[in-house]
Amino acid sequence: MAAQGRHGGRKSNKMTALVVDDNIVNRAIHLRLLDNLSIENEAVGNGKEAVDIHCSGKTFDLILMDMDMPIMNGIEATRKLREMGIRSMIAGVSTRSMEQDVREFIEAGLDDYQEKPLTMSKLISIIHKINGNG
Amino acid sequence: MEVGQMQRRLVDYTKTLFMEGFLDAQFLQLQQLQDENNPDFVVEVVSLFFDDSEKLLNNLSMALDQPNVDFKKVDAHVHQLKGSSSSIGAQRVKNACIAFRNFCEEQNIDATLRCLQQVKHEYYLVKNKLETLLRLEQQIVAAGGSIPMIDMGF
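Keep in mind the model is a prediction, meaning the values are calculated, not measured.

*Asks:* An account of the overall build of chain A is needed here, citing residue identities and associated values.
*Replies:* Along chain A, the regular secondary structure elements total 5 helices and 5 strands. In chain A, the succession of helices and strands from N to C terminus is β-α-β-α-β-α-β-α-β-α. Within chain A, contacts between residues at least 6 apart in sequence are counted, and of these 66% link residues at least 24 apart. About 5900 Å² of surface is accessible on chain A, with carbon and sulfur atoms providing 48% of the total.

*Asks:* Explain the side chain of S86(B) residue by residue, including any values.
*Replies:* Inspection of the secondary structure puts S86(B) in helix α4 (residues 71-88). Exposure remark for S86(B): the relative accessible area of 10% places this residue in the buried category. The residues contacting S86(B), other than those within four sequence positions of it, are P117(A), Q26(B) and K94(B).

*Asks:* Residue-level account of the UniProt feature "domain: Response regulatory" (unreviewed entry) in chain A, with values.
*Replies:* In the numbering used here, UniProt assigns the feature "domain: Response regulatory" (unreviewed entry) to residues 16-131 of chain A. As a span, residues 16-131 of chain A carries 46% helix and 21% strand, and end to end its C-alpha atoms are 13 Å apart.

*Asks:* Which residues make up the interface of chain A and chain B, and what are the values?
*Replies:* Of the residues lining the interface, 16 residues belong to chain A; the matching set on chain B comes to 20 residues. Summing both partners gives a buried area of about 1500 Å² for chain A against chain B, and 58% of it is carried by carbon and sulfur. Where R32(A) meets D35(B), a salt bridge forms, and the shortest distance between an N and an O atom there is 3.2 Å. In this assembly, chain A and chain B are joined by 6 residue pairs in polar contact (both at pLDDT 80 or more). Per-element tally for the side of chain A that touches chain B: the top contributor is helix α1 (residues 24-36) of chain A, with 8 residues. Residue composition of the side of chain A that touches chain B, by class: 8 nonpolar, 5 polar and 3 charged.

*Asks:* Quick rundown of α1(A)? Include the residues and the values.
*Replies:* One full turn of an α-helix is made of 3.6 residues, so residues set three or four places apart face in the same direction. Residues and elements named next belong to chain A. An ideal rise of 1.5 Å per residue puts 18 Å on 13 residues; α1 measures up with 19 Å between its terminal C-alpha atoms. For α1, the N-terminal cap is N23; the gap from its side-chain oxygen to the backbone nitrogen of V25 is 2.9 Å. Backbone geometry just downstream of α1 places S38 in the positive-phi region, at approximately 55 degrees.

*Asks:* Before we move on, could you go through the packing of aromatic side chains and cite the residues and values that matter?
*Replies:* If you walk through the whole model with that rule in mind, you get 5 aromatic pairs over all chains. Considering the side-chain rings of F105(A) and Y113(A), the 6.2 Å spacing of their centres and the 75 degrees angle between planes classify their relative orientation as edge-to-face. Relative to Y123(B), the ring of F50(B) has its centre 6.3 Å away and its plane inclined at 80 degrees; by these criteria the two rings are edge-to-face. Taken together, the residues F50(B) in helix α3 (residues 41-64) and Y123(B) in helix α6 (residues 109-142) connect sequence positions 73 residues apart. Pairwise contacts between aromatic rings join F49(B), F50(B), Y123(B) and Y124(B) into one cluster. The ring of F41(B) has R32(A) sitting right over it, with the charged end atom 5.8 Å from the ring centre. Just above the ring of F50(B) sits the side chain of K127(B); from NZ or CZ to the centre is 5.5 Å.

Conventions used here
Sequence order as written defines residue numbering, which begins from 1 separately in each chain. Chain labels run from A onward and ligand labels from 1 onward, assigned in the order the entries are written. Per-residue local features of the predicted model are confined to residues with pLDDT of at least 70, and side-chain atom pairs are confined, for both listing and counting, to 80 or more; whole-chain, interface and lining totals are unaffected and use all residues. Hydrogens and water molecules were not included; the side-chain quantities draw on all heavy atoms of the structure. To qualify as a helix, a DSSP run of H or I must reach at least 4 residues; to qualify as a strand, a run of E must reach at least 2; elements of each kind are numbered from the N terminus. Two residues qualify as a contact provided that any one of their heavy atoms is within 4.5 Å of a heavy atom in the partner residue. Using the Shrake-Rupley algorithm and a 1.4 Å probe, accessible areas are obtained, with residue cover drawn only from the displayed protein chains. Only protein chains enter the accessibility calculation, which uses a 1.4 Å probe. A residue is then buried if its area is under 20% of the maximum for its type, exposed if over 50%, and partly exposed in between. UniProt positions are given in the numbering used here, feature names are shortened, and annotations may be inferred rather than shown by experiment. Once two parts are brought into contact, the accessible area they lose, counted with a 1.4 Å probe and summed over both, makes up the buried area. Definition used for salt bridges: Asp or Glu carboxyl oxygen within 4 Å of a side-chain nitrogen of Lys or Arg. The definition of a polar contact used here is a pair of N or O atoms within 3.5 Å, where within protein one atom must be able to donate a hydrogen and the other to accept one, and adjacent residues in sequence count solely through side-chain atom pairs. Under the convention adopted here, Pro, Cys and the residues Ala, Val, Leu, Ile, Met, Phe, Trp and Tyr are nonpolar, Asp, Glu, Lys and Arg are charged, and Gly plus all remaining residues are polar. In this analysis, the expected span of each helix is defined as 1.5 Å times one less than the number of residues it contains. Pairing of aromatic side chains requires ring centres within 6.5 Å, counting the rings of Phe and Tyr and the six-membered ring of Trp. Pairs whose planes differ by under 30 degrees are stacked, by over 60 edge-to-face, and all others tilted. We call a charge positioned over a ring when the NZ of a Lys or the CZ of an Arg lies within 6 Å of the ring centre and within 35 degrees of the ring normal.

This is the structure we're talking about:
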């Protein structure tokens, strides 16, 4: 997968994560999963908001990126973040299972991909990849 | 009714919902995310699902009522509903959405109208079941009991 690596530079030792998903139910669940792992978190509703929050100077250890979103989808957002030099772990989280769709998403710059619905064990598997790269 | 009886009733009711296909393992994931720090998590997420679904079903009705149906828009709404229902474990709603999306791709107006009815039917069924389940849980908590974790062997 493209663009391996972790972002550093935060002051506290707590891991931080950004949930990027246009679905309110998914956002609530993903945030709760992150809370349970004591990961500081925020959520935005589409890829453009994910890019904007990084333009404002914020960075995250982990980005959980949905694929199908209005305004800017996950593929475009991932590509844009990588062009901006963002090295955070970006994990694609989507209902898509077609190899071609997933491949395009991965090639945009993902470090990992998990099929929805996201469960605790899938999230832990993503976190292990961060720790493995640290 | 004493707490033990209420708890057994809840367990039996929940198992029935799984056996009848209304809920799948993802609902158990939600229950496992609920704890003493977040005692209302399941109620909150299920309420979000209800609000979101009813908004989407309204949008779908309007979108399919147009003289020239925008199937891309219809598909986007169904995709959202499929995502929500999958995330809370509403299996029959999710499956109805999958069929719906297939007919959106074919741009088959008659079939998509039938699918809308089917999705609405499944949604209102699971809404009724979930409201009953959550009411049983509330009764147990109000009586001083705890909500039993259900092992479905997943």
